Amino acid sequence: MERKKKIQWQPVLLLAPAILIVVLIIGYPVARAIVLSLYKYDMTNLQNVKFIGLQNYTDIFTKDDAFWPALKNTVLWVGVTVTAQLLLSLLLANILNKSFRGRGIVRSVVLIPWVTPCVLISLMWAWIFNGNYGVMNEILKSLHLIKENVAWIAQPNTALWVQIMAMIWQGIPFFTIMILAAMQSVPRELYESASVDGASSMKQYFYITIPGIASTIVSTVMIRLIWVFNNVDIVYTMTGGGPGYSSLTLSVYTYLQAQKSMKFGYGSAVAIIGAILMSIVIFIYLRITREQGGMIDK
Amino acid sequence: MKKRMKKMLSLVLSACMTLPVFSAAAVYAEPKETIRVWYWEDNDGSYADAYSTWSEQYPDAELVLEAVPWNSYHDMLIAAAASGDLPDVYKIQPTWIPELRSLGAIAELDDYIDSWDGKDTIPMSMWESAKAGQEATFAWPHSLVVLYLYCRKSYFEEAGVEYPKTMDEFYKACEALTKDTDGDGATDVYGFSMRGARGGHFMWAGLTLNNGGGFFGDDGSVVLNTPEMVEANQKYLDIYLNGWAPKTAPTDGYTEIVQNFESGVTGMLIHHLNSANEITDVLGEDVDVVPLPEGAAGRYLPSEPCHWAVSANSENTETAINFLKYASEEETHKALCKNAGLVPFITPVTEDPEFTENKFCAASMEYLDDVQIFPVCNTWGDWSETVWPQTMQRAMMGEISSEEMIQILADNLAEE
């Protein structure tokens, strides 16, 4: 005969305050956004607020000229930025992990992009790539790579890429510091015994270092995926998503709909779609990386 | 004895502790009424300077001036209106009145205006602008700027062209001023500082709607989409497509177009009095101003009037109205116009030589009565903030034709 399982109330009670806070500060806004997305809710026309079911969603997928370019740009924005940040940070962390004169200063200097406000970074990169007076055009002209000025952030085929470069530059320090910390926590004895066994530096790197920092990489990539996806300030400050829709991302589009056009219902629907897509990406990513310490059990 | 001394001392100390209570009672006075005012700056610090004499005239009311950045002003205002947290007085553009009315956030001012002695010092055109086509008046005239054309004097002399008076002459000037100055095969000077980013709809309207177009017809329907408007819009787009405007034009905003003009990248710029001081600081006498060119239907002078509004929920409405009257006094108005680079419209400031002898101000004042106010409708905020820049940029990139652009603009202007 199966014995009836007794509910343990003590852990529930102990966790209750934390659960309550999570429900209040995360659960309520999420639920409110979902409800808002089912309404025609224009802040400038509050007399005509009405429940329209899934119409915002069908409009986004079928009538909205901006949504699909924004989705495509978001895939590029997140995919290229996080991949490039990971690879460049691995390289930089390896350099900073070696002992050399002035390493402490270099480690501090590397942090500068991370501690610089995003809006300043945007303005700085916008000046570098300014089509009329930007230093990048001058450098490329002096190297005879271009003959005349290129309007980098005013052309649809280059605008997004300049912003991706700015975002890569901004995020490298975070990745580097995380990877560097993980590298330094790999036990020295493993390298020593590998050396005794005759393993080359390359083999030590791929069989000791990489597995040792894998779980850090997994969690850092996940954090960056979410942060880069959510980033509004760089794109909004540099181009506002333009020219046209050429650098519009889902986050910026959500911001424009809700904050500039005051269409809170429609903006919420775009945000919910973005959140669902991001959740799917994160789920797949964690499934794939579960061997390396992802959060999903086998 | 010692014990007595101690007792005395403790008594004195205790009495001392109660002193603040009495002193507080002695200095207690009725708390001052506070008037909160929201505005965006035209020139940093200009409002604080202009309204510095408030406390002398109204010692019982404290004036709290809160400057809000222009880029987020409209968003903040609407959010504050929706949450019932508006300041007593706030600066607006007349096109925002329907939104604020729908939120029940703006007080009707007709009674206060009618009973004010100084009503006649403000021209009727400004009161009409403040009324914004509504059945009642919800705003009080604050400032006005009129768009005109800045011309780089030496560039015109070098190119051998006159300042443009008509649209044909304007396009010819755009072409004539565009030059490769160092012979490297690349253009160094462009004819016109074109603004494709947010806010560019002012110059666009000034150079296209002079062809006879308009936003709404008499019956309230959208009449923007006409063959004449498509043609005029195509000519405007051609300024960029022909290479007479910088390649950066699609994303150029206010800062960029002014910098392009000041640095010699462009030969013409459409803006208003607000930028005159900055431009003359850089270019000195090498700049002139002329009115916007005439099209087939004459001149279209889009204006950017701003007004004061009083919160419907203000608990200090009387003092708020006193502030509006104070802001419209001769000395205060003069100080603000001078500091902030605004066109005076209150008599007798309009006759002050300080303004009439300034060529930039005179050019603005000459056409004060001919200015056009943009339509006042619920869709205008979204149309001007988001739809216009995105659609304009797509047309400049060649993604959509002039006809498609005008159709999108017309569709988004129409109320649902």
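As the structure is a prediction and not an experimental result, all values here were calculated from the model.

1. Some remarks on the overall build of chain A
Then, in step 1: Helix and strand counts for chain A come out as 13 helices and two strands.
Then, in step 2: Its C-alpha atoms give chain A a radius of gyration of 24 Å, more than 25% over the compact-globule value 19 Å for 298 residues.
Then, in step 3: C-alpha atoms of chain A, sized along the principal axes, occupy 85 × 75 × 30 Å.
Then, in step 4: Looking at chain A as a whole, 35% of its 298 residues qualify as buried.
Then, in step 5: The contacts in chain A between residues at least 6 apart in sequence include a share of 67% that link residues at least 24 apart.

2. Re the overall build of chain B
Then, in step 1: Summing up its helical and strand segments, chain B has 19 helices and eleven strands in all.
Then, in step 2: Referenced to the eigenvectors of the C-alpha coordinate spread, the extents of chain B come out at roughly 105 × 50 × 45 Å.
Then, in step 3: A burial count over chain B gives 44% of its 416 residues as buried.
Then, in step 4: For chain B, the share of sequence-separated contacts (at least 6 apart) that also reach a separation of at least 24 residues comes to 74%.

3. Some remarks on the environment of Asp111 of chain B
Residues and elements named next belong to chain B.
Then, in step 1: Positionally, Asp111 belongs in helix 6 (residues 110-114).
Then, in step 2: In this structure Asp111 comes out as exposed when scored by C-beta crowding, with 11 C-beta atoms within 10 Å.
Then, in step 3: Between the C-alpha atoms of Asp111 and Thr137, which are 26 residues apart in sequence, the distance is 9.3 Å.

4. Concerning unusual backbone geometry
Then, in step 1: Put simply, Gly242 of chain A and Pro243 of chain A share a cis peptide bond, and its omega is 0°.
Then, in step 2: Inspection of the secondary structure assignment puts Pro243 of chain A in the loop between helix 11 (233-238) and helix 12 (250-260).
Then, in step 3: In the segment running from Thr347 of chain B into Pro348 of chain B, the intervening peptide bond is cis, with an omega of 5°.
Then, in step 4: Its place among the elements puts Pro348 of chain B in the loop between helix 15 (330-340) and helix 16 (353-356).
Then, in step 5: We note that His144 of chain A has phi near 60°; this positive angle belongs to a residue other than glycine.
Then, in step 6: Take His144 of chain A: it is sitting in the loop between helix 7 (135-142) and helix 8 (159-184).
Then, in step 7: Given 7 C-beta atoms within 10 Å, His144 of chain A falls into the exposed group.
Then, in step 8: Despite not being glycine, Ala132 of chain B has its phi angle at roughly 55°, a positive value.
Then, in step 9: Structurally, the position occupied by Ala132 of chain B is in the loop between helix 7 (124-131) and strand 4 (140-143).

5. Observations concerning the interface of chain B and chain A
How large an interface is tends to be reported as the accessible area lost when its parts come together.
Then, in step 1: On the side of chain A, 25 residues touch chain B, which itself brings 31 residues to the contact.
Then, in step 2: Looking at the side of chain B that touches chain A residue by residue, the class counts come to twelve nonpolar, eleven polar and eight charged.

6. Focus on the domain arrangement of chain B
Residue and element names in this part refer to chain B.
Then, in step 1: Considered domain by domain, chain B is made up of domain 1 (33-145 + 304-362) and domain 2 (148-302 + 377-413).
Then, in step 2: Computed from C-alpha coordinates alone, the two centres of domain 1 and domain 2 are separated by 29 Å.
Then, in step 3: The interface of domain 1 with domain 2 comprises 14 residues on the first partner and eleven residues on the second.
Then, in step 4: Broken down by secondary-structure element, the contributors of at least two residues to the side of domain 1 that touches domain 2 are helix 5 (97-102) and helix 17 (359-366).
Then, in step 5: Ranked by the residues each element gives to the side of domain 1 that touches domain 2, the list is headed by helix 17, at three residues.
Then, in step 6: A per-class count over the side of domain 1 that touches domain 2 returns seven nonpolar, three polar and four charged.

7. Some details on the sheet that holds strand 4 of chain B
Residue and element names in this part refer to chain B.
Then, in step 1: Read from one edge to the other, the open sheet built from five strands follows the order 2-1-3-10-4, with strand pairing classed as mixed. Only two strands of the sheet have a single partner each, and these edge strands are strand 2 (61-67) and strand 4. Neighbour to neighbour, the strand axes of the sheet diverge by 25° on average, direction disregarded.
Then, in step 2: Inspection of the sheet shows strand 1 (residues 33-39) paired to strand 2 by seven bridges, in the parallel sense. Each residue of the ladder has a partner; that of Ile35, found in strand 2, is Leu63.
Then, in step 3: Sheet contacts for helix 7: strand 4 and strand 10 (306-310); angle to strand 4, the most-contacted strand, approximately 105°.

8. A closer look at the confidence of the model for chain A
Then, in step 1: Model confidence for chain A is summarised by a mean pLDDT of 90, while 96% of its residues fall at 70 or above.
Then, in step 2: Confidence, expressed as mean pLDDT per element, reaches its minimum in chain A at helix 4 (residues 103-110) of chain A with 85 and its maximum at helix 2 (residues 55-62) of chain A with 95.

9. Some remarks on the environment of Asp168 of chain B
Residues and elements named next belong to chain B.
Then, in step 1: Examined against the element boundaries, Asp168 turns out to sit in helix 9 (residues 167-177).
Then, in step 2: A count of 13 C-beta atoms within 10 Å places Asp168 in the partly exposed class.
Then, in step 3: Remark: the alpha-carbon pair of Asp168 and Glu294, spanning 126 residues in sequence, is separated by 9.0 Å.

10. A word on the nonpolar core
All names here are of chain B.
Then, in step 1: Core analysis: the largest hydrophobic core is formed by 170 residues, its most contacted members being Leu100, Ala139, Tyr150, Ala309 and Val343.
Then, in step 2: Here this core spans two domains, since at least three of its residues come from each of domain 1 (33-145 + 304-362) and domain 2 (148-302 + 377-413).
Then, in step 3: Sequence-distant contacts of Ala309, that is, excluding residues within four places in its chain, are made with Tyr90, Ile92, Leu100, Ile106, Phe138 and Ala139.

11. Things to note about the sheet that holds strand 7 (residues 266-271) of chain B
Residue and element names in this part refer to chain B.
Then, in step 1: Ordered in space as 6-7-5-8, the four strands form an open sheet in which the pairing is mixed. Since the sheet does not close on itself, it has two edges, and those belong to strand 6 (190-192) and strand 8 (287-290), each with one partner. Neighbouring strand axes in the sheet, compared pairwise and without regard to direction, differ in orientation by 20° on average.
Then, in step 2: Pairing of strand 5 (residues 148-152) with strand 7 involves four bridges; the strand directions are antiparallel. Residue Cys151 lies in a different strand from strand 7, and its bridge partner there is Met268.
Then, in step 3: Across the sheet, helix 12 (residues 254-262) touches strand 5 and strand 7, and the angle it forms with strand 7 is around 140°.

12. What to know about the packing of helix 6 (residues 118-128) of chain A against helix 8 of chain A
Residues and elements named next belong to chain A.
Then, in step 1: Across the interface, helix 6 lies against helix 8 with an axial gap of 10 Å and an inter-helix angle of 135°. By the angle between their axes, helix 6 is oblique relative to helix 8. For the pair helix 6 and helix 8, the crossing hand works out as right-handed. Contacts between helix 6 and helix 8 involve Cys118, Ile121, Ser122 and Trp125 from the first element and Val162, Ala166 and Gln170 from the second.

About the criteria used
- Residues numbered from 1 in each chain as written.
- Chains lettered and ligands numbered in written order.
- Predicted model: local features only at pLDDT ≥ 70, side-chain atom pairs only at ≥ 80, totals over all residues.
- Helix = DSSP H or I, 4+ residues; strand = E, 2+ residues; numbered from the N terminus.
- Rg over C-alpha atoms; globule rule 2.2 N^0.38 Å.
- Buried ≥ 20, exposed ≤ 12 C-beta atoms within 10 Å, placed from the backbone.
- Contact = placed C-beta atoms within 7 Å.
- Nonpolar A, V, L, I, M, F, W, Y, C, P; charged D, E, K, R; others polar.
- Domains from an automatic or database assignment.
- Pairing = 2+ DSSP bridges.
- Axes fitted to C-alpha atoms, helices over the stretch in contact; angles between N-to-C directions.
- pLDDT = per-residue confidence, 0-100.
- Core = buried A, V, L, I, M, F, W, Y, C linked by C-beta atoms within 7 Å.
- Parallel < 35°, antiparallel > 145°, perpendicular 65-115°, else oblique.
- Left-handed = near helix turned anticlockwise from the far one by under 90°.

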